[in-house]
Every structure is written in C-alpha cells, then in structure tokens.
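# Structural overview for review
Here are the chains, one letter per residue:
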Amino acid sequence: SESLSDEENLKLFGKCNNPNGHGHNYKARLLISLLFSLQIDPVSGMVINLTDLKEYMQEAIMEPLDHKNLDKDVPYFAEVVSTTENVAVFIWENLKKLLPMGTLYKVKVYETDQNIVVYKGEETISE
C-alpha cells in the first residue's frame, strides 16, 4: 500500500509484501441468481445464455486481469490495494455492468485453497 511505510507493509502483508510484486493464479466462481423475478426462457431453458455469460466473463474478468500485473497494468488497482477482497469487488463491479439486473448473486475468488473471499455486493464474507 502506497499509504503505508515499508515496515507497516511488511507487518500487514507479510510474505505478500514485495515492492516488485508477486503472482497468483486466482480462480473465480460466479453464482447467477434464480430469483423469482427472473424468467427461465421457455425455448432455451436458461435464465441467461451460457454463450453470453462466457463473453461477459471474458470482457469483465479475463481481458482486464489475465496475465497482468494488477498493480501496474490495471488502472483500478492504481488507487486500490490488490488484495483478494478487492479483486472480488473489481470482478463484481465489472460483471454487474454487463449482466441483466438481479442475476449476479455472488463472486467467490480463490487466491489459494485456504484464502477464499466471497463478495455479494456490499456484503463481504471471508471463508
């Protein structure tokens, strides 16, 4: 974090504190809500076309984040610390712009098998 000293960053972020950055292979899971207000298409049997969903994920997640240095290549993280929590918020905000209103239920981001963040809009739950 630019707002902390080197000592404070080391204390707060531990081994993840590296001035040159460090890498992760994140996994993200999305839950599309089957709310009563959403209609299942009688022809396709789907709430959302999976081909469209794949395109939304490509635009909202893969294009801005895949194989990127989050702190240097993604403008959002110029001012926001690139924690797993903030990656989840970034994915949520990008997907919410593309998906039909009310379909995105939660975003679950795995930094590791032990470090998982679930984000449901304004409510964040660490698992």
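Residues numbered from 1 in each chain as written. Predicted model: local features only at pLDDT ≥ 70, side-chain atom pairs only at ≥ 80, totals over all residues. Heavy atoms only, no water.

Definition in use: UniProt positions are given in the numbering used here, feature names are shortened, and annotations may be inferred rather than shown by experiment.
Going by an unreviewed UniProt entry, the protein carries the name 6-pyruvoyl tetrahydrobiopterin synthase and comes from Chunga burmeisteri. Check the Sequence similarities (unreviewed entry) section of the UniProt entry for the protein; it says "Belongs to the PTPS family." Database annotation for the protein, UniProt heading Cofactor (unreviewed entry): "Zn(2+)".

## So, the overall build of the protein
Operational definition: Starting at the N terminus, helices and strands are each numbered in turn, a helix being any DSSP run of H or I of at least four residues and a strand any DSSP run of E of at least two. Any pair of residues with heavy atoms lying within 4.5 Å of one another is described as a contacting pair. The accessible surface values rely on the Shrake-Rupley method and a 1.4 Å probe; as for residues, cover is taken only from the protein chains in view.
When you go through the protein residue by residue, the secondary structure sums to four helices and four strands. The helix and strand sequence of the protein, counted from the amino end, reads α-β-α-α-α-β-β-β. Across the protein, contacts joining residues at least 24 apart in sequence account for 51% of those joining residues at least 6 apart. Roughly 9,000 Å² of accessible area belongs to the protein as shown, and the carbon and sulfur atoms make up 52% of that amount.

## What to know about the confidence of the model for the protein
Keep this limit in mind: pLDDT measures the predictor's confidence residue by residue and takes values from 0 up to 100.
Taken as a whole, the protein shows an average pLDDT of 81; of its residues, 76% reach a score of 70 or greater. Helix α4 (residues 84–98) holds the highest mean pLDDT among the elements of the protein, 93, whereas strand β4 (residues 123–126) holds the lowest, 54.

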